[in-house]
Amino acid sequence: MSELFDAVDALVASRSPLPPPQERRRLRTAHGLTLDEVAAALKVRRATVSGWESAKKPAEPRGEEREAYARLLEQLGKLYPAPAADAPAADVPVQEAAAASATVTGAPAPAHEASPPEAPAPTTAAAPEHDPPAPAQRATSRPARTTRPSASRRPGTTKPTAPSGTREAGTDPRFENGPLAVVDVADGQVRAYCTGGLVLDVPAKSLPSLIDWTLKESRLGQPKLSGPGKDADPLLVLTEAALERYGLPAALSDEERLAGRIPEGHKALKQLARANWQLTKRGFGPWARIYRPAQGAQRACVQLCIPSWGALDTRHWGEAGQLPPAQLARVLGVFAARVMTPRGSTAVTGLELMTALHPPTRASTPDPTGRRHSEHNPGSLGTEPVDPAPCEAPDGHPLLADLPRFHLRGPGEKLLEEAWDWARPLTDAECLRRNLVGLDVNMAFAAGANGLTVGLGEPVHLQQPLFDAKLPGSWLVDLSHVDLSRVKTGKEWVDLDGSLLPSPFTPKGERPQGPAWYATPTVAYAQELGYDITPTEAWVRPNAQQARAVGITVTREDEEAHRYANGRYLDAWYQRLRDAYLATMADLGVGTDLPPEEFLAAMDRYRSRDPQLALVVSAVKATVKGGVGKLRERPRGEGWRPGQPWRALSRPTWRPDIRAAVISRTRINFHRKIIRHAAFTGQYPVAILSDCVVYATDGEGPLDFLPYREGKPLPGGFKLGVNPGLVKHEGTQSVLWGEGVRDRFEAPELNLARYIKDGTVTDADNGE
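Computed from a predicted model, the values in this text were never measured in an experiment.

Participant: What should I look at first to understand the sheet that holds strand S24 (residues 727-734) in this one?
Facilitator: Strands in a sheet are paired, the pairing made by backbone hydrogen bonds, and the direction either parallel or antiparallel. Ordered by their spatial adjacency, five strands build an open sheet running S12-S22-S23-S13-S24, and the pairing between neighbours is antiparallel. Each edge of the sheet is formed by a strand with only one pairing partner; in this case those strands are strand S12 (421-423) and S24. Each adjacent strand pair in this sheet contributes to an overall mean axis angle of 20°, direction not counted. With three bridges connecting them, S12 and strand S22 (residues 687-689) associate as antiparallel partners.

Structural data, given as structure tokens:
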């Protein structure tokens, strides 16, 4: 019998015990760890760790992975004991789950891990006692000291969790302290709060020495996102105390705010000039760039972010600029790790992300002498700007300088692809409904960019062309004959009430009245609805093969210059932003595999689970919309007059045609779902604003009128979920509220989608 007992004991000892999946997730979130961080530490995929925590379909680790995972959970279990039976773990806020922290002293680095002489290891310091508790510190492998601040709580403060997604295995040793730091002053000591909770002592006494310290000692920065690209410059975020220490104003005067910079004669700027540092043409403003000309491949540039000067727009970053240094470092660090180091506003960052993923040049193959040179990077927009087609040029563009001064271009002269702003009066039947329910498309413009073929070169003018849905460009065509009362969905014709539907061809939803310019996705949709189209003119951007097909002679020089090229330029951009959005939403408890009921419940409270990560979500979404909008940046003062060029026109990324194509495809994707829903349910929208649609219904939420059957949505219709292109509940208001608002403003077609979220009627700009 003893042998049997020994065998049983050996069998039990062969596998380390693991807590239930729900407890595994509780322990991870209590310590502020993300799925990415755990996966990196255990050298497995993110989805693998997610499976270990899944309550529905739990997976179990094996072998060494199980032993390491069990050790992690055991240590976390000691820090965060299971809550009492009357306090379920699911109800414990993340912020309340952190335990008291301790001091960790790093061991000296082995000889083979010694720091390079040009970047000595910085001194680390504990966070000051009067600061709010900082995130848990990570141990370092250098002869340096990291200290966790006291875990005591103070009234009116929220204890932050450890940073999410800010440090992964295999970190580039050049940038081992992360992409950025928030510089603050406390008790006379300047400190840099980095991602991951690390706090560095900053010895710099002046602004020039701060720049030198950042480049030579801080080990801040971020590796390039693409092979031919460039590493991201380190970002310093200066608090008001840091501004005062380095001789800068804590806030801009009205004159400086309007100018977007401090005067060139400012004392701090003179210090920079004496140290041979330069500023970009934007000057020293909320997002200043300080640099010296590159020496070969060695860059010397530091980006500054100054929240008190308005660097972090509250429409997109919320109250991030008011956070304590450690928490602000966490928010910006998560964004940097998942998107990129911020380069300016979310719009600027969205545009810079496109270039970072598709750099304009690359190194050539070695020539006979073994030397390489810079050459065009296929799939990029290149180094030189291209003029738009006349129909794509916005009013005031130099291409239109010869037009009469007060000439107003109509649809037959101007491409007008914009987001929807449409509403109609309620029908008698809809007035008898109880509620108005709004649906919002997640990351609608990102989804519209996914898989979209856009032109990369100059436009080519065609007369009487045959329409080709694979050819990106702008087409002059009459779509007034498309009747929404009878359209094709899939392979079947369906009859609808066209008077209750917006036209997919115009931003206001009005039926076209004659020939007009449209982007390729819009014209292709007219064909999809079952109608013949006959363009009379086009400006297209073909690749070499397509150019030959339409009768254009393509020379070898044309091919070498990549004059005729198109492609899915925005795919990598979409994937980067999609992954950032989904990873952050997953950290907030909203996963991609939730059934509709659980998804709606998770969305109702996701912001309260971790308000800091909720700020990251907001910034990611603003990066999508802002980046698309920046493709057609308009003049911004500076004495500009119509017909004169403005600064943005000198960028290769000034591409109004790409912006128009993204908006066109986004609007068409939306209309396709609306048509499908109307054909199946007989329900029609009453208002649409950009990516939000409102329906009249008797129920309280989406599941009361969306045609789900056994948990499955209508194919091709609206589907609830967190993925880009799927929808979430935007808000519910009563029909009486809607009619009351319209009566108050004497506007029977007031767009209720603008106010459906919380019922507050205001003219304030919300950044959309």
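Having put the structure on the table, let's press on.
Participant: Can you help me understand the pairing of strand S18 (residues 492-495) in this one?
Facilitator: Consecutive side chains of a regular strand alternate in pointing toward one face of the sheet and then the other. By the bridge criterion, four bridges tie strand S17 (residues 486-489) to S18 in an arrangement that is antiparallel. In the strand pairing of S18, valine 487 is matched with valine 494. Between the end of S17 and the start of S18, which pair antiparallel, lie two residues, with glycine 490 showing a positive phi angle near 70°.

Participant: Would you mind going over helix H3 (residues 35-42) with me for this structure?
Facilitator: Every α-helix carries 3.6 residues per turn, so stepping three or four residues along brings you back to the same face. Every buried residue of H3 is accounted for by Leu35, Glu37, Val38, Ala39 and Leu42. Buried residues belonging to H3 abut helix H2 (21-30), helix H4 (46-52), helix H5 (63-79) and helix H18 (571-587). Two residues or fewer past H3, lysine 43 is found with a positive phi of approximately 60°.

Participant: Help me understand the nonpolar core, please; the structure alone is not making it clear to me.
Facilitator: Taken as a class, soluble globular proteins show a tendency for nonpolar side chains to be buried jointly. Judged by nonpolar contacts, the single largest core of 116 residues is most densely connected at Trp573, Met585, Val620 and Phe718. No other element matches helix H22 (residues 656-681), which puts nine residues into this core. Excluding residues within four positions of it along the chain, phenylalanine 718 makes contact with Leu439, Phe670, Lys673, Ile674, His677, Val693, Tyr695, Leu706, Tyr708, Pro713 and Val727. If you look at the next biggest cluster of nonpolar residues, it comprises 34 residues, including Tyr246, Leu248, Trp277 and Trp309.

Participant: So what exactly am I meant to see when it comes to the environment of leucine 332 here?
Facilitator: With respect to the helices and strands, the residue leucine 332 is situated in helix H11 (residues 325-338). It is 8.3 Å that separates the C-alpha atoms of leucine 332 and threonine 195, two residues lying 137 residues apart in sequence. Contacts of leucine 332, omitting those with residues within four sequence positions, involve Leu180, Val237, Leu312 and Trp317.

Participant: Would you take a moment to explain the pattern of salt bridges for this structure?
Facilitator: When the charged atoms of two side chains lie near each other, side chains of opposite charge can form a pair. A full pass over the atoms with the stated rule returns 40 salt bridges. Between aspartate 421 and lysine 508 there is a salt bridge whose closest N-O contact spans 3.6 Å. Here lysine 508 lies in the loop between S18 and strand S19 (515-519) and aspartate 421 lies in strand S12, a separation of 87 residues in the sequence. A relative accessible area of 25% places aspartate 421 in the partly exposed class. Residue lysine 508 is classed as partly exposed on the basis of its relative accessible area, which comes to 49%. Linked by salt bridges that have partners in common, Glu392, Arg541, Arg655 and Asp657 make up one network.

What counts as what
- Residues numbered from 1 in each chain as written.
- Predicted model: local features only at pLDDT ≥ 70, side-chain atom pairs only at ≥ 80, totals over all residues.
- Heavy atoms only, no water.
- Pairing = 2+ DSSP bridges.
- Helix = DSSP H or I, 4+ residues; strand = E, 2+ residues; numbered from the N terminus.
- Axes fitted to C-alpha atoms, helices over the stretch in contact; angles between N-to-C directions.
- Buried < 20%, exposed > 50% of the residue type's maximum accessible area, 1.4 Å probe, protein only.
- Contact = heavy atoms within 4.5 Å.
- Core = buried A, V, L, I, M, F, W, Y, C linked by side-chain atoms within 4.5 Å.
- Salt bridge = Lys/Arg side-chain N within 4 Å of Asp/Glu carboxyl O.

Keep in mind these numbers describe shape, not what the thing actually does.
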